[in-house]
Structure formats: C-alpha cells, structure tokens
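Geometric and topological summary
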2 protein chains.
Amino acid sequence: MAPWINAIREVVGEKHLHTKASSLLAYSYDATPNFQALPDAVAAPRNTEEVAAIVKLCNEYHVPIVPRGSGTNLAAGTTPTQGGLVLLFHRMDKIMEFDDENLTMTVQPGVITQDICNLAESQGLFYPPDPSSMKISTIGGNINENSGGLRGLKYGVTKDYILALEVVLPTGKIIRTGGKLAKDVAGYDLTKLFVGSEGTLGIITEATLKLVPQPETKKTMLAIYDSMEKAAATVSAIIANRIIPATMEFIDRPTIQAVESYAQIGLPVDAEAVLLIEQDGVESVVDQDIQEIQAICTENEAIRVQIAETEADAHALREARRTALSALARLSPTTILEDATVPRSEIATMVRAINDIASTFNVTIATFGHAGDGNLHPTCTTDVRNKEEWERVEQAFEAIFKKAIELGGTITGEHGVGEMKSPYLALKVGEEGIELMKAMKLSFDPNQIMNPGKIFAKSTRKRVVVQT
Amino acid sequence: MAPWINAIREVVGEKHLHTKASSLLAYSYDATPNFQALPDAVAAPRNTEEVAAIVKLCNEYHVPIVPRGSGTNLAAGTTPTQGGLVLLFHRMDKIMEFDDENLTMTVQPGVITQDICNLAESQGLFYPPDPSSMKISTIGGNINENSGGLRGLKYGVTKDYILALEVVLPTGKIIRTGGKLAKDVAGYDLTKLFVGSEGTLGIITEATLKLVPQPETKKTMLAIYDSMEKAAATVSAIIANRIIPATMEFIDRPTIQAVESYAQIGLPVDAEAVLLIEQDGVESVVDQDIQEIQAICTENEAIRVQIAETEADAHALREARRTALSALARLSPTTILEDATVPRSEIATMVRAINDIASTFNVTIATFGHAGDGNLHPTCTTDVRNKEEWERVEQAFEAIFKKAIELGGTITGEHGVGEMKSPYLALKVGEEGIELMKAMKLSFDPNQIMNPGKIFAKSTRKRVVVQT
C-alpha cells in the first residue's frame, strides 16, 4: 500500500479508508455517461481537522483529491480523472446552527439539500436553489458546482445564498470567508470565488446559507402551444409586462411525447411546446400575476391554458417537467443531458438551431429547460456503445455549444465544466480567460492536487506523478 | 517629461493628458480625509482600445495606474498612493444599450449612477444599488468598490446586479466575462471577483447591469425611541415576523441632534434613536407590511411612529437620514465616516460598544447606518490638525474594527479597504486570507501596477520604481 494511503488511514481510522476494488469501482464514476476512472483510495473524514490533515498529506505526496457529495454531477466533475483520493462527506452531515435573527443556517457539506429546504420551511423560511437532484444531492456538491434549478430567474442560484465558508486550502490550512453579513467588502470576494470552483481551489467544510421569508402561496399553470416561437414569445411578453415568475419551464415536442408515454398525464402529443409557469408570493399578487400571465398566453395563441386548482393538480402539472429526464432516459441506453444557456431573448432561435443540428448530425435530441433564464437542456438519447453514432453526438454538442456562444450564451448554465466540457471552455472565456483562471488556480494550488483534470483541458490532463 | 508620459500622450492626445501642477493636485485626494499623494500624470482615454494601450505602456514602464470615477471614495481607494497615472472616465460615459427583452443595460464606466436609475425608471424598471453618492458617483467606481446603499437588506449590493464585464487586464489584454445570463458556470466567476476588487486586478471598461421590475409603490415611516435597545429590538422583531423592508435605517442621538440643528425637521432632540423604514412592492402588500411594522414599533415601545402620507412627507422623513453626514460634517473641520458592519442581531451591542469606545478614547462619535443589514456608520467629528486627538481617533477606530470582528462582523461593509483600512484587513481575513489574496493579485498583475498600496498594507507600500 502506498505510504500516503497508510498515512491517511491513520487520520480517519481503518473503518473510514477504503481501498477494496469494489469501493474504488463505486466511486469511479458520477452521473455523467462515458467518464470513468478508478481512484486509489476513498476516505470519509469526520471533521474539518481530519480534512485538513488529509489535504496536507495529499499536498505532501502530490496526490489528487476529488471531493464528492452524492455524485449527481452531469459534467464528470467528480470522477477521479487522475486517480488519487476520493473524499466523502457523509460523516460531515450536520446542520450546525439555525439563526432565526439573522435568517441563516450553518451546515456541513454532507447535508442533503432537501433537508435544508425542509428545515427552512418549518421555520417559515425558504432556501430557494432547487437543482433537480436536490432530494439526494449534498449542499457541498451544490456549492462546488454553483447549482441552479427551476427558480433561477426570480431567486438566483446557489451562489446567491452562500454568505460564509470554511475552506481547507490545498496547503491544508483552514480559512473562513464572509460572515452573517449582507455587506462585506474586506478584500477579494473569496466566498463567491469558491462557490462554483468545482473543488479545484479548496475543500469546503462548512457553509452559512442565507434564507429568505417563505412565500405565502404558490400557483402553477401549464400552457400548450403549436409552435415553439409562440411559447418563446409568451416568455418574452411576460417579462415585458414586468412580471418575474418563480418558474418558467418549457418542454419541446419530443419531450412531451416521451413524458406522456411515461407518465400518462394527458399532454397533447401533437403539441410543439409546453410552458410550465409558477408564481409565488402574497396570495393577491400571485392571483393577479397568474391572471395576467393567462391572458398573455392566450394572446400569444396558446392552444390551451390549465391553472391548477389544488396542490394535487399543481403536482400533476409539475410532473410534466420533473419527469422529463426520466422519461427520456427510458428511450435509449445512454442519455446525455446538456445545459447550454442563452440570453432569454434567444430561446426560440436556440431551440430551432438545436433541432437543425440534431438533423444535420442525424442524432435524436429532445430539449426542455428553464425558459425564464435561457438555460436549456438539450438531451440526446443514444447508445455509447455505438462508436460511430457517439462521434456524431459529440459533434452535435460541439455545434450546440458554439451556437450558444454565438447567441451571447455559455457552454454551461448550471452543471459545471468538469472534465466533460473542459475542451469547450475556451469558446466561452477565450484563451486569455483560461490563462487567467489557470494562473489563479496555481496561486491557490501550486501542486495541482485539487480535483485535477477538471475545468481546464489538455495541459492538466497528464497524470500527476504519485510518489509511492 | 518621463518617456511613459509622452507615450501615453500619443495615445490619448495632448488635450487629454494632464501634467500641470493644478491638475495633479486636483487628483491627489478623494473623499477620505488625511490621505493625499500626487500622481505624475492624469489621462482621460476615449475608449477601451486607448485604455488597453495605456495599460500596456504602464505595464512596460512599471507605472502605477489608479482608475478614478468621481473620487467619492471614503477609504482612500482612489488616491495615487505611489504616484503614477490617474485614469479618468468622463469620456467613456455612454449608455451603450438598453435591452428590454433581457432586462439589462450595458454602460461605460463613466456613466453617473443616478442616470442609470433614471433610465431604468423611465422603462418601468429598477436598478436597486443606491450608494449615498449616487448623484455624482460613476458606475465604474461603484463596480470597483462593490458599493452598497440603503436597500442592501432586500435588494443586495452592486455585485448582485453586474452580469458581464469588459476588463483590460494589467497586461493590456482585453477580456469579457459573464453575459446576459441568469446562469453561467463556465470556469471561475471572474465577474464577481472584479466587482469590489478596488481597481487592483484590471480596468473595467464596460458593464452589463441586471434590472428588475420597478416596485409599484413605496411607503416611508419614522419611529422614534428613547433607547437604542428598543430600536434594535424593533429591527429584530420585524425580521422575525418575516418582513424584509426595502430600507431600515437608524440614527442615534448625537446624529439626531446634528440633523435637527441642521435641517429643522422636527426630530425630538432628546430621543435616543430614530428608525427610518421604507417598504416597496405591490400597494396592498406594502400597506399591510407598513401596518404590521407600525404595530411592531409600538409593541417595542416607540415613542412615536410617523407614516408619510404624501411623497413630500416621505421626502422630509428621508431627509432625517440622508442629511446625517452633511449635518455631522458641519460640526468640526474633519469628519471620518466609517462602515464597520456586524450581523443584524448585534446592532445594539455594537452601538453600545462604539459609545463606550468613544468615551474611552475621549473622541466624539455619532452613529447612523443601515440597521437592516448591520452596516453601521460610526462617524467621528474631529480635526486632523490636532495630532494628539487624531491619534486617539485612530485608536478608537481600531477598537471599533476589532469589536465588529469579535461580533462576527467585518471592517468594511460597503466602502472598501483602500489604503485607509489596509492595516486592518488581517483582522477580518487573517494572515492566511491576505496571503491567498496577494497570490491572486500577483497572478493577475505580476508587476503590481494596478492601484498599488490599496487593500494590502506594508509590503506593497514602498514606492514602485518608475523608469524615467
């Protein structure tokens, strides 16, 4: 056994250091198809001090560390690309504090996102970020990836709710950033930098979250269209009327068909687009907004508008969107869910472009996503074992990313760059941007032990030499 | 004339490069008392390309560059501490685009903040950050300092409204960050890093701002107390009732007295604290919130609660807070306005501590500020020519910063570190934090030409050698 593994075993104890083939295999992949690499060991530290001791050892031995929550990442962000150590956080899963006066919650990284939402709700408060994986994802993973969700337009993303962090730096030193403060300009904003840094700058060991008052009520509606343009025009018209809905999701025709075949919720399978719209807030305002939105849908030639009368109805409507991925995933052995994002005004153009690209490369792509914030999820149903098709799938996604950039968008709205999208990062940030980010990375992590092979392609791709 | 000055003259033209003593003197200070240093030259570029050419020259000749908006900085952030070049932006003052579909505005750095608010308002939209200097401050200055204001609690600060930037890096290369996107996780978040970096990482040459729908209405009220504790208890109780007012400001007894003597608006000069509270939003909700807030004020033993019935009344009430600094500034030759910030729950404790510290060091400090977000403005009326008193003032502020940190706060909520607070930064971020920030700074700006002497104390204090 490599000496670094023995040293880490001494830190966490025999029971919490795994090197058996079955354990290594279990942590060799995340939710991203076609990316896999075996770690050399897996450790589950108990507290910040153990994390610091582990990181110090890894830095000394130049061993890659991959922090991992529940492994729901969709960009190969938590695969141990260069081997080394996978760090688990299920033993650091405590909600440390709920502060009713400052409306904050302080949590360890292993806490499940849904548990945070539940505790907040029980106190009349609200933690808005709601990535689709929230029932199983950890807050540590959400922070590393700056996770989004269905409420981004009105409420923002994870970064907007992180007030303070405790971080173990690549040197093993522990720092605290931010505070229970609405305003803090003491030096560079390390808090916002760590959020979304994909585990490449340090290990997050504690976070203080901002909570907001829980909206009094929420209403849900569905609008059905015979063209994507009309649905997109509705989205623009709602915003032009100065209404910001809590959620404004869309699913396209192939997604509608897959969902209906999977869940039989009465969607018209010949519709071209469905919008799922929710508004929350004070009851009178929500009622008024929903009425106005209904009128706007009708003006923009929705075939049908359904407003949920009960929570059960609302739940059924939400299912149309929530089951999209599961429904599509049934269609083929491999499902690639992407998240190219464009300015809201470009949604219809982008969906049209995606369809053209799919047909050019002869691949099957269904698209759904967050219409309100332009965050699309073109989803390819394919089979990774079909090498020839796989190549066309990759070409199609490259074309999609390029189109998103051309329209003023980005290669990833909420999934992260990971290993998967690292070859495309230059499309968004340019060579200058990558150079700057790499210099920053080196200033934090000179030995490049923190989740190597992620964000940056090529030059960090070669395996770090592990001293054994 | 130094060769770098001649080279820059060639870039901007004779008319826009100043080296006369009177010009240099005019840009030797900002709004911070007792900090002054002469630049070697002052240049007003016309566009990004000229900025890039200038920065490239400064980098070649190792000349410090100090970007400067309207010079309203309160932490000596725009003083040319180490000489070099002051860069002005009054020729880059265009609103480039208003995008009604994506609710954004794209502006050059020299645009006056108030003009942005006015244009937004004319379109039924709202740009919330409202630093007190907004009538004369530039958006470039606001971005460099991550300016706050009176609406931080509900609406956040400048950083929350910057979607994209064009930045000239210290090498002279131009990059673009972000986009008209609610979600973007392509690499490290350079946008949020540049906002609030005090001109030490690059020169901002364009920014895309996020706008939100304009609140339908706004109501204003004043509550008067015979103790600071009761005012602070009111603030806590409002939040505990899950109401987030747009503004929740307080002024203490010495401030009340100064304001009343200055503006004669009928404040009771024997009151210990006054809260100015505003709520905005849909009319019915605002009415209900204001009623609830009034009841909470009464429960917490406010001596008197005044609700403005007309906009003229509201304006008069706001004057109590808006004139605080001017009123205090009349009392003595020198006014030091600080911005130590604590968690909201610690406001009463902090105000008490400030009063104790003032009496310990025998200095005069009045305190007002943003009660909702714990951002206090202890303001010392003194005379910088009185060396002995000045020393006590400095000791008092150091004690105030330390107390704020002890209570979980920060040394600066919205003014920035600048040169003035650089000796105290370690109190907040630790030596580890400073080391990390310095390494980041060097990764951007290896020759340390960008606003040197700011944020970081001591080791960057020695004057950079200018090759002449």
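Note that this is a predicted model, so its numbers are computed, not measured. Counting from 1, residues in each chain are numbered in the order their sequence is written. Working convention: letters from A go to chains and numbers from 1 go to ligands, in the order in which they are written. Only residues with pLDDT of at least 70 are given local features in this predicted model, and only at 80 or more are side-chain atom pairs given and counted; all residues enter the totals for whole chains, interfaces and linings. To get the side-chain values, all heavy atoms of the structure are used, and hydrogens and water are removed first.

1. Considerations on the overall build of chain A
Going along the chain from the N terminus, every DSSP run of H or I of four or more residues is numbered as a helix, and every run of E of two or more is numbered as a strand. Scanning chain A from N- to C-terminus turns up 15 helices and 18 strands. Computed over the C-alpha atoms, the radius of gyration of chain A is 22 Å, within 12% of the 23 Å expected from 2.2 N^0.38 for a compact globule of 468 residues. Counting over 468 residues, chain A shows a buried share of 63%. For chain A, long-range pairs separated by at least 24 residues make up 72% of all intrachain contacts whose partners lie at least 6 apart in sequence. Only the protein chains shown count as cover for residues, and all accessible areas are computed by the Shrake-Rupley method using a 1.4 Å probe. For chain A, the exposed surface amounts to about 16,500 Å²; the carbon and sulfur share of it is 49%. The charge count includes Lys and Arg as positive and Asp and Glu as negative, but it does not include His or the ends of the chains. Think of each charge as sitting on NZ of Lys, CZ of Arg, CG of Asp or CD of Glu. Side-chain charges in chain A split into 44 positive and 60 negative, and the spacing between the mean points of these groups amounts to 5 Å. Radius of gyration here uses only the C-alpha atoms, and the compact-globule reference equals 2.2 Å multiplied by the residue count raised to the power 0.38. To sort residues, take the accessible area from a 1.4 Å probe on protein chains only and compare it with the maximum for the residue type: under 20% means buried, over 50% means exposed, and anything in between is partly exposed. Any pair of residues with heavy atoms lying within 4.5 Å of one another is described as a contacting pair.

2. Considerations on the UniProt feature "domain: FAD-binding PCMH-type" (unreviewed entry) in chain A
UniProt positions are given in the numbering used here, feature names are shortened, and annotations may be inferred rather than shown by experiment. The UniProt record annotates "domain: FAD-binding PCMH-type" (unreviewed entry) at residues 35-214 of chain A. The span residues 35-214 of chain A carries 22% helix and 24% strand; its end-to-end C-alpha distance comes to 39 Å.

3. Quick notes on the pattern of salt bridges
Definition used for salt bridges: Asp or Glu carboxyl oxygen within 4 Å of a side-chain nitrogen of Lys or Arg. Tallied over the full model, the rule gives 66 salt bridges over all chains. Among the ionic pairs, A:Lys183 bridges to B:Glu414, the shortest N-O distance being 3.0 Å. One end of the pair, A:Lys183, is in the loop between strand E9 (174-178) and helix H7 (190-194); the other, B:Glu414, is in the loop between helix H14 (387-406) and helix H15 (425-444), on a second chain. By relative accessible area, A:Lys183 is classed as buried at 1%. Its relative accessible area of 10% is what places B:Glu414 among the buried residues. Residue B:Asp93 pairs with B:Lys94 through a salt bridge whose shortest N-O separation is 3.0 Å. Taken together, the shared-partner salt bridges in this structure form one network comprising A:Lys218, A:Glu278, A:Glu311 and A:Arg318.

4. Points about the interface of chain A and chain B
On the chain B side, the residues contacting the 78 residues of chain A number 78 residues. Values labelled buried area give the accessible surface lost by two parts on being combined, using a 1.4 Å probe and summing over both. Carbon and sulfur atoms make up 61% of the surface buried where chain A meets chain B, a total of about 6,200 Å² over both sides. Interface area lost by chain A to chain B is led by A:Lys183, A:Tyr188 and A:Arg242, which between them contribute 17%. At the junction of chain A and chain B, the tally comes to 14 salt bridges.

5. Topic: the packing of helix H13 (residues 347-360) of chain A against helix H14 (residues 387-406) of chain A
Residue and element names in this part refer to chain A. Throughout, an axis means a line fitted to C-alpha atoms (over the contacting stretch in the case of helices), and angles, computed between N-to-C directions, take values from 0 to 180 degrees. At a minimum axis distance of 10 Å, the contact between H13 and H14 shows a crossing angle of 155 degrees. Overall, the two elements H13 and H14 adopt an arrangement that is roughly antiparallel. Relative to H14, H13 is oriented so that their crossing is right-handed. Each of Met 350, Ala 353, Ile 354 and Ile 357 in H13 lies in contact with H14, whose residues at this interface are Ala 396, Ala 399, Ile 400, Lys 403 and Ala 404. Charged means Asp, Glu, Lys or Arg here, nonpolar means Ala, Val, Leu, Ile, Met, Phe, Trp, Tyr, Cys or Pro, and polar covers whatever is left, Gly included. Residue classes in the contact of H13 with H14 are distributed as eight nonpolar, no polar and one charged. When an angle is under 35 degrees it counts as roughly parallel; over 145 it counts as roughly antiparallel; between 65 and 115 it counts as roughly perpendicular; any other value is oblique. Left-handed is the label given to a crossing in which the near helix is rotated counterclockwise from the far helix by less than a right angle, and right-handed is the label when the rotation is clockwise.

6. Details of the sheet that holds strand E10 (residues 203-210) of chain A
Where strands meet in a sheet, backbone hydrogen bonds hold them as pairs that are either parallel or antiparallel. All names here are of chain A. Across the sheet, five strands lie side by side as E5-E6-E10-E8-E9; this open sheet has antiparallel pairing. At either end of the open sheet lies a strand with only one pairing partner, and these are strand E5 (95-99) and E9. When the angles between neighbouring strand axes are averaged without regard to direction, this sheet yields 10 degrees. In short, DSSP must find at least two bridges between two strands for them to pair. Direction of pairing for strand E8 (residues 162-168) relative to E10: antiparallel, over a ladder of six bridges. The partner of Ile 162 across the bridge, within E10, is Leu 209. Running at roughly 50 degrees to E8, helix H3 (residues 48-61) makes contact with E8, E9 and E10 of the sheet.

7. Description of the pairing of strand E14 (residues 273-281) of chain A
Residue and element names in this part refer to chain A. Judged by how many residues are buried, E14 sits mostly within the fold: nine of nine residues are covered. Where strand E12 (residues 217-225) lies against E14, nine bridges are found, and the strand directions are antiparallel. When the sheet's bridge partners are listed, Ala 223 is paired in E14 with Leu 275. In this sheet, E14 lies alongside strand E13 (residues 247-252) in antiparallel orientation, the contact comprising six bridges. Each residue of the ladder has a partner; that of Asp 252, found in E14, is Ala 273.

8. Considering the relation of the copies chain A and chain B
By a simple turn and slide, chain A fits onto chain B: the slide is 0.0 Å along the axis, the RMSD is 0.0 Å, and the turn is 180 degrees. Each copy turns onto its partner about a two-fold axis. In terms of proximity to the rotation axis, the leading residue of chain A is A:Met440, whose C-alpha is 2.9 Å off the axis. Of all interface residues in chain A, 100% are interface residues in chain B too; the two copies therefore contact each other through one and the same surface. Overlaid copies result from least-squares superposition on C-alpha atoms, with residues included only where pLDDT is at least 70 in both.

9. Remarks on unusual backbone geometry
Although it is not a glycine, B:His62 adopts a positive phi angle of roughly 55 degrees. By the secondary structure assignment, B:His62 is in the loop between helix H3 (48-61) and strand E3 (65-68).

10. Details of helix H8 (residues 228-240) of chain B
Residues and elements named next belong to chain B. Spanning 13 residues, H8 covers 18 Å between terminal C-alpha atoms, matching the ideal 18 Å at 1.5 Å per step. Of the residues making up H8, those classed as buried are Met 228, Ala 231, Ala 232, Thr 234, Val 235, Ser 236, Ile 238 and Ile 239. Packing partners of the buried residues in H8 comprise helix H6 (152-155), strand E12 (217-225), strand E13 (247-252), strand E14 (273-281), helix H10 (283-299) and helix H13 (347-360). In the analysis that follows, any N or O atom pair within 3.5 Å is treated as a polar contact, provided that within protein one partner can donate a hydrogen and the other can accept it, and provided that, for residues neighboring in sequence, both atoms belong to side chains. Sitting at the head of H8, Ser 227 places a side-chain oxygen 3.4 Å from the backbone nitrogen of Glu 229. To estimate the expected span of a helix, count its residues, drop one, and scale the result by 1.5 Å.

11. Some thoughts on the environment of A:Leu190
As for its position among the elements, A:Leu190 is in helix H7. Residues A:Leu190 and A:Thr177, 13 residues apart in the sequence, show an inter-C-alpha distance of 6.4 Å. Leave out the neighbours within four places in its chain, and A:Leu190 touches A:Ile175, A:Thr177, A:Phe444, B:Leu436, B:Met437 and B:Met440.

12. Structural notes on the sheet that holds strand E16 (residues 334-337) of chain A
Residues and elements named next belong to chain A. Strand order in the open sheet formed by seven strands is E15-E12-E14-E13-E17-E18-E16, with antiparallel pairing between adjacent strands. Both outer strands of the open sheet, strand E15 (304-307) and E16, are each paired with one neighbouring strand and no more. If you compare each strand with its neighbour and ignore which way they point, the axes differ by 15 degrees on average. Along the sheet, helix H8 (residues 228-240) makes contact with E12, E13 and E14, crossing E14 at roughly 20 degrees. In this fold helix H9 (residues 253-263) packs onto E13, E14 and strand E17 (365-370), with an angle of close to 90 degrees to the strand it touches most, E13.

13. Observations regarding helix H1 (residues 3-12) of chain B
All buried positions along H1(B) are accounted for by B:Trp4, B:Ile5, B:Ala7, B:Ile8, B:Arg9 and B:Val12. At the C-terminal side of H1(B), B:Gly13 shows a positive phi close to 90 degrees.

14. Concerning the packing of aromatic side chains
The relation between two aromatic rings is expressed through the spacing of the ring centres and the mutual angle of the planes. For Phe, Tyr and Trp, where Trp contributes only its six-membered ring, two rings pair if their centres lie within 6.5 Å, and the inter-plane angle classes them as stacked under 30 degrees, edge-to-face over 60, or tilted in between. This model, assessed by the stated rule, comprises twelve aromatic pairs over all chains. Between the aromatic rings of A:Phe194 and A:Phe444, the centroid separation amounts to 5.7 Å while the plane-to-plane angle is 90 degrees, which identifies the pairing as edge-to-face. Residue A:Phe194 is located in helix H7, and its partner A:Phe444 is located in helix H15 (residues 425-444); the two are separated by 250 residues in the primary sequence. Of the two residues examined, A:Phe194 and A:Phe444, each falls in the buried class. Pairing B:Phe126 with B:Tyr155 gives two aromatic rings, centres 5.2 Å apart and planes at 90 degrees, and the pair type is edge-to-face. Placement of B:Phe126 in strand E7 (residues 125-126) and of B:Tyr155 in helix H6 is noted, with a sequence separation of 29 residues between them. Here the two residues B:Phe126 and B:Tyr155 agree in accessibility, since each one is buried.

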